[in-house]
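In case you want the letters, here they are:
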Amino acid sequence: MSQRERNRIDTWNAVHEAAQAIAWDEGPQAATVERIAASAGVSRRTFFNYFPTKEDAILGTRAPEVTEEAIRRFRGSEADELTRVVHLFVAVVRTAIPESTSAQRRRIIAEHPGLQKRVALLLSEVERLVAEVIQARVDDGEDVALAQPDDDQRLEALLMLAGVIAKFAFHRYQDSSSAEDPRHFLEESIAMFREVVDTTR
């Protein structure tokens, strides 16, 4: 790791820790961008280089992105299409809501439930990004398996279901006090939704 990258990580941690400390002591409303930046010893401009909002600084979350690794795994997976799309959702979620800050995030959301709104917005943005990736591949003819003739709504339904499963798994993990691997919640949630569909036909 280069010195520049270490400095970036140190600054990110300093801003996050300052934001969370203020939120714990005085509540999220007291954690303004100005106070967070001053406490972390950075400028307002530097703050926004690291976090889109003050809520992200408090929660330790980031703007979601689709990585090349996520796309590579999506393309190379031999799983069924629903499982592939769910795993793509989760890969993008992890860029926005890192596991490294999960324990602290769960505690502060439990104390201040209003912060859950920011998580919901991030998940909606993840859903949009995943839809764009899949739609682009279908339009380019690269993912014929996800496109069915004369059924334009099928892809939309698949995306919505995958998003619901991913969000369901994430919320179960966030609400759990268990130290289990988050992948357990994901696979369990996929199986649960399949069972519900099969038993309600």
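All residue numbers refer to position in the chain's written sequence, counted from 1. Restriction of local features to residues with pLDDT of at least 70 applies here, the model being predicted, together with a cutoff of 80 or more for giving and counting side-chain atom pairs; totals for whole chains, interfaces and linings are based on all residues. Derived side-chain values reflect all non-hydrogen atoms in the structure, with water molecules and hydrogen atoms excluded from consideration.

### Considerations on the overall build of the protein chain
Going by this rule: Per the convention used, a helix needs a DSSP run of H or I reaching at least four residues, while a strand needs a run of E reaching at least two, with both numbered from the N terminus. Exposure categories follow from relative accessible area, calculated using a 1.4 Å probe and restricted to protein chains: below 20% of the type maximum is buried, above 50% is exposed, and the middle band is partly exposed. Contact criterion: two residues are considered in contact whenever any of their non-hydrogen atoms come within 4.5 Å of each other. Accessible surface area values rest on a Shrake-Rupley calculation with a 1.4 Å probe, where residue burial reflects the displayed protein chains alone.
The secondary structure content of the protein chain amounts to ten helices and zero strands. For the protein chain, the α and β elements follow one another from N to C terminus as α-α-α-α-α-α-α-α-α-α. Looking at the protein chain as a whole, 40% of its 201 residues qualify as buried. For the protein chain, restricting intrachain contacts to residue pairs at least 6 apart in sequence, the fraction spanning at least 24 positions comes to 70%. When the accessible surface of the protein chain is summed, it comes to about 11400 Å², and 50% of that surface belongs to carbon and sulfur atoms.

### What to know about the pattern of salt bridges
Under the convention used in this document: For this analysis, a salt bridge means a side-chain nitrogen from Lys or Arg found within 4 Å of a carboxyl oxygen belonging to Asp or Glu.
Tallying each qualifying case throughout the model produces ten salt bridges. For the salt bridge of Glu69 with Arg72, the shortest nitrogen-to-oxygen distance reads 2.7 Å. On the criterion of helical spacing, the pair formed by Glu69 and Arg72 is a turn pair, its members being three residues apart in helix H5 (residues 68-76). A relative accessible area of 34% places Glu69 in the partly exposed class. For Glu188, the salt bridge identified is with Arg172, shortest N-O distance 2.6 Å.

### Re helix H6 (residues 81-96)
Applicable threshold: By definition here, a helix of n residues has an expected span of 1.5 Å times n minus one. For this analysis, a polar contact is any N or O atom pair within 3.5 Å, provided that within protein one partner can donate a hydrogen and the other can accept it, and provided that sequence-adjacent residues contribute only side-chain to side-chain pairs.
Helix length check: H6, at 16 residues, gives a terminal C-alpha distance of 23 Å against a target of 22 Å (1.5 Å per residue), a fit within 8%. Across the 16 residues that make up H6, a large majority, twelve, are buried. When H6 is considered as a whole, its buried residues turn out to be Leu82, Thr83, Arg84, Val85, Val86, Leu88, Phe89, Val90, Val92, Val93, Thr95 and Ala96. Sitting at the amino-terminal end of H6 is Asp80, which places a side-chain oxygen 3.2 Å from the backbone nitrogen of Leu82.

### Some remarks on the nonpolar core
Keep this limit in mind: Among buried residues, the Ala, Val, Leu, Ile, Met, Phe, Trp, Tyr and Cys ones that are joined through side-chain atoms within 4.5 Å form a nonpolar core.
Judged by nonpolar contacts, the single largest core of 50 residues is most densely connected at Ile36, Val85, Leu88, Ile97, Val130 and Ile134. The greatest single-element share of this core, amounting to nine residues, is contributed by H6. Residues within four places of Ile97 in sequence aside, it is in contact with Thr61, Arg105, Val119, Leu122, Leu123 and Phe170.

### Brief notes about a nonpolar patch on the surface
We apply this condition: For patch detection, residues must exceed 30% relative accessible area and be free of salt bridges, and they are connected within 9 Å for like charges or within 5 Å for nonpolar side chains (Val, Leu, Ile, Met, Phe, Trp, Tyr).
Where nonpolar side chains cluster on the molecular surface, the patch consists of Phe168, Met192 and Val196 and spans about 220 Å² of accessible area. Looking at the secondary structure, you find Val196 in helix H10 (residues 182-199). Since its relative accessible area comes to 44%, Val196 is described here as partly exposed.

### Remarks on the side chain of Arg118
With respect to the secondary-structure elements, Arg118 resides in helix H8 (residues 116-139). Apart from the residues within four sequence positions on either side, Arg118 is in contact with Pro52, Thr53, Glu55, Asp56 and Leu59.

### Some thoughts on helix H1 (residues 3-26)
If you check H1, its first and last C-alpha atoms are 34 Å apart, about what 24 residues at 1.5 Å a residue would give, namely 34 Å. Against the buried residues of H1 lie helix H2 (33-40), helix H3 (44-50), helix H4 (54-59) and helix H7 (102-111). Taken from the residues just after H1, Gly27 is the one with a positive phi, measuring 100°.

### So, the environment of Val130
As for its position among the elements, Val130 is in helix H8. Measuring from C-alpha to C-alpha, the distance between Val130 and Val92 comes to 7.7 Å, with 38 residues separating the pair along the chain. Leaving out residues up to four positions away in the same chain, Val130 has contacts with Val85, Leu88, Phe89, Val92 and Leu159.

### Here we look at the environment of Val86
Following the sequence through the fold, Val86 ends up in helix H6. Judged by relative accessible area, Val86 falls into the buried class, the value being 0%. With 101 residues separating them in the primary sequence, Val86 and Glu187 have C-alpha atoms 9.6 Å apart.

Nothing here speaks to function; it is geometry throughout.
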